[in-house]
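# Chains, contacts and geometry: an overview
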Amino acid sequence: MRINRKTLFFTAILLLFLSFKSLNSQSAYSSGGIGELRHFINVRATGLGGSGISLIDEYSMNFVNPSLWSYIKNTTINGSFLYEGITTKVFNNRYNLDKSQFQGAGVVITGEKKFAVGVGVTPLSDADYKIKVLEPDTSKVKFLTGNGGVSKIFLGFALSPRKFFSFGFSLNYILGKFEEIWRVNFKEKEYTYFHSVVQNYINGVDFTVGAVFLIKDILNFGITYNSVMRLNSKLSLTTPYIKEKEEPEAEIRVPNSFGLGASIYLSKRVLLTGDFFRRNFKNLRYNNRRVNEFKNSNRISFGLEFTPQEQKKSSYRFGIYQFDSYLSSSYVRDVRERGITLGYGFIFSGGMARLDMASEFSIRSSHSDVLSSEKIFRFLLSISGGEEWFITVSYT
């Protein structure tokens, strides 16, 4: 095993990513359910419209299909960063919002027998919003603010008994916290403002299984399945009159999800890939009662990657996607996001590391009297660096 300056450099980069916090994100679409869902495979896949369930990658961890870890050529550590800017309108109030945050980090340890072990963390959803509520009563103004999110910490393995097939499994620990604050400001001085704080602590477990099939090194098929997510929810309420009141612990059962993907090399330099991913939120249950405010969410994506023959170290990517959200209530329904993506990858450090960048340009819209369409720009950056661990070297 070698530990050198490159390893220390990538570790420092990872720690830098972990230090980023969410800033000024106030999309009202994240106020429902468990927040805004994050579909993140890796930054290379993001540049391909978010399609990567079947995408073999020798450098970056796949956060959705663990079976692809066995094709990573060296023990790898990688970290990702996200910047997001949103232009939105709520109750006829227009906001320009932005945030930056850590998007995911992982380590994959590979061996000679096409066996790999992976560990990592990535956000599953986040909520961060501020809404000014308009009412006929003009003597007071109501504000609703919220923040928080759910993350996944996972440990798993991948095994490739044959070159054309690989299987993967990961056990996932889910944890998160949401905080929602209602504040009422009165215009008359004889009244003082009122506020209440609701905090929701969430934890639970689920598992992910995946597989990938290779046909003559040209065509790949991938499949991934995520089990029912069993979450424990603990609420607490704080007001000026109640110091803190804890509600009985509740159980949330988030239904399973699955994804299918395919990728084909049209030539040695051109790769075409596509995915379908579904989350079955329609059957979500709270204390064994079905919640009618959600529906199944679907995501369809396609991507194209071009690698110039004269410079194999660089790759250029383009993608499109459509995402139908799980939100469906009396005030917002048919939430849909459509976007295009651009990506770039560059291999350096003697083929031991890669830099990936991706940009998304999308519009999110819905049928709602409260929320209008949003224009969204996202930029993602990741660095992956590898070392040859647990590889036998023979000397002659």
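Quick caveat, the model's predicted, so the values are computed rather than measured. (Residues numbered from 1 in each chain as written. Predicted model: local features only at pLDDT ≥ 70, side-chain atom pairs only at ≥ 80, totals over all residues. Heavy atoms only, no water.)

## Overview of the nonpolar core
L231, V254, F281, L284, F294 and Y326 are the most contacted members of the largest nonpolar core, which has 24 residues in total. At the level of secondary structure, the elements contributing two or more residues to this core comprise β4 (115–133), β5 (140–162), β6 (165–186), β9 (229–238), β11 (250–254) and β17 (314–324). Among the elements that take part in this core, β4 stands out by supplying 4 residues, more than any other. Those residues in contact with L231 that sit more than four places away from it in its chain are I174, I202, N203, G204, A250, E251, I252 and V254. (Core = buried A, V, L, I, M, F, W, Y, C linked by side-chain atoms within 4.5 Å. Buried < 20%, exposed > 50% of the residue type's maximum accessible area, 1.4 Å probe, protein only. Helix = DSSP H or I, 4+ residues; strand = E, 2+ residues; numbered from the N terminus. Contact = heavy atoms within 4.5 Å.)

## Looking at the pairing of strand β8 (residues 219–226)
The alternating pattern of β8 places N220, G222, T224 and N226 on a buried face and L219, F221, I223 and Y225 on a face that is not buried. Across 8 bridges, the pairing between strand β7 (residues 194–215) and β8 is antiparallel. Residue pairing for β8: G210 is matched across the bridge by T224. Between β7 and the antiparallel strand that follows it, β8, lie 3 residues; K216 among them carries a positive phi value of about 55°. Examined bridge by bridge, β8 and strand β12 (residues 257–265) share 8 bridges and lie antiparallel to one another. Note that in β12 the partner of T224 across the bridge is G259. (Pairing = 2+ DSSP bridges.)

## Section: the pattern of salt bridges
Counted according to the given criterion, the structure contains 20 salt bridges. D57 is the partner of R44 in a salt bridge, and the nearest nitrogen-oxygen pair spans 3.6 Å. In this pair, R44 sits in helix α2 (residues 43–47) while D57 sits in the loop between α2 and β2 (75–90), placing the two residues 13 residues apart along the sequence. Among the residues examined, R44 registers a relative accessible area of 6% and is labelled buried. Across the pair R378 and E337 runs a salt bridge, and its minimum N-O distance is 2.8 Å. Of this pair, R378 sits in strand β20 (residues 374–387) while E337 sits in strand β18 (residues 333–348), and the two are 41 residues apart along the sequence. (Salt bridge = Lys/Arg side-chain N within 4 Å of Asp/Glu carboxyl O.)

## Some points on the packing of aromatic side chains
For the structure on display, the rule yields 16 aromatic pairs. Arranged with centres 6.2 Å apart and planes meeting at 40°, the rings of F157 and F169 form a pair that is tilted. Taken together, the residues F157 in strand β5 and F169 in strand β6 connect sequence positions 12 residues apart. With centroids separated by 5.4 Å and ring planes inclined at 50°, the aromatic side chains of Y316 and Y344 adopt a geometry described as tilted. (Phe/Tyr/Trp six-rings, centres within 6.5 Å; stacked < 30°, edge-to-face > 60°.)

## Considerations on a nonpolar patch on the surface
Side chains of I300, F302, F318, I320, I340, L342 and F361 sit close together on the surface and give an oily, nonpolar patch of about 620 Å² of accessible area. Taken together, the elements giving at least two residues each to the nonpolar patch come down to β16 (297–306), β17 and β18. Its place among the elements puts I300 in strand β16. In this structure I300 comes out as partly exposed when scored by relative accessible area, which is 40%. (Patch = residues over 30% accessible without salt bridge, like charges linked within 9 Å, V, L, I, M, F, W, Y side chains within 5 Å. Areas by Shrake-Rupley, 256 points an atom, 1.4 Å probe, with all protein chains shown as cover.)

## Quick look at the pairing of β6
The sheet contact formed by β5 and β6 spans 21 bridges and is antiparallel. Residue K142 lies in a different strand from β6, and its bridge partner there is V184. Hairpin geometry of β5 and β6 is characterised by an intervening segment of 2 residues between the two adjacent antiparallel strands. Two elements, β6 and β7, share 20 bridges in a ladder whose sense is antiparallel.

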